[in-house]
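Architecture at a glance
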Amino acid sequence: MNDTVKTVTCVIIDLSKRPTNVFGPEAWETHIKCVDYFAHAFAIVLEADLRVCRLAALTHDIASLTNLNFYQDHHIHGQDLAKQLLRNLKCPHNEIKHILHCIHCHRGNQKQERNTLEAHIVASADALSHIVYFPAILRLAICVHKMPLAEAVIWSREKIMKSWEKLLPIASNYAYSPYTAILEATNEDWI
Ligand SMILES: [Fe+2]
Ligand SMILES: [Fe+2]
């Protein structure tokens, strides 16, 4: 593994274990690690910039892990935090700019345009992680956002539907079975 990627991985794992991370240490195993895994795989298949994809995948939620107050606009605060981290690690200016764009437009409920293949890859990897780790989304709704169960199921279902819209074709092929299973399990009959 590239040294910078290795260092950033350690920084993110460390952040996820701190008590200030209200999403819990499992945020690493059930989300960030998974986003990194898919971003890595898609970057290779689609011949994108692997280092940019991995560094952006690892840092895309850095603001949420750092401070709950950043959660609402974590695509904005995350750029400042990632810029600082990557500058300290002597990453080239152009690479940092490229990574910050991926962070800025990774969210499904924001409408920022994605101008690079790497930004599409990171957004897709993020969305695919939501789908394949659906229990982590439910846990987020219930344990962090403190929603009652029925509300949590509706919120989670909507998040998954928004995630589906972010997927590149390579990711939607992979996600189709779990996606349809989630929609079936969370339909109105259940509620
Ligand atoms: Fe995010
Ligand atoms: Fe994320």
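Computed from a predicted model, the values in this text were never measured in an experiment. (Residues numbered from 1 in each chain as written. Chains lettered and ligands numbered in written order. Predicted model: local features only at pLDDT ≥ 70, side-chain atom pairs only at ≥ 80, totals over all residues.)

Ala 39, Ala 56, Ile 99, Val 122 and Ala 125 are the most contacted members of the largest nonpolar core, which totals 52 residues. A per-element tally of this core places helix 2 (residues 26-45) first, with nine residues. Residues contacting Ile 99, with those up to four places away along its chain left out, are Val 52, Leu 55, Ala 56, Thr 59, Ala 82 and Leu 86. (Core = buried A, V, L, I, M, F, W, Y, C linked by C-beta atoms within 7 Å. Buried ≥ 20, exposed ≤ 12 C-beta atoms within 10 Å, placed from the backbone. Helix = DSSP H or I, 4+ residues; strand = E, 2+ residues; numbered from the N terminus. Contact = placed C-beta atoms within 7 Å.)

So, on to helix 10 (residues 169-185). With 17 residues, helix 10 extends 24 Å between its outermost C-alpha atoms, agreeing within 8% with the 24 Å of an ideal straight helix rising 1.5 Å per residue. When the local axis directions of helix 10 are compared, the greatest deviation, roughly 55°, occurs at Ala 175, which is followed within four positions by the proline Pro 178. All of the buried residues along helix 10 are Ala 171, Ala 175, Tyr 179 and Ile 182. In the core, the buried residues of helix 10 are packed alongside helix 2, helix 7 (117-132), helix 8 (134-144) and helix 9 (149-165). (Expected span 1.5 Å × (residues − 1). Bend = angle between axes of the 7 residues up to and from the residue.)

Scope: geometric values only; no functional claims are made or implied.
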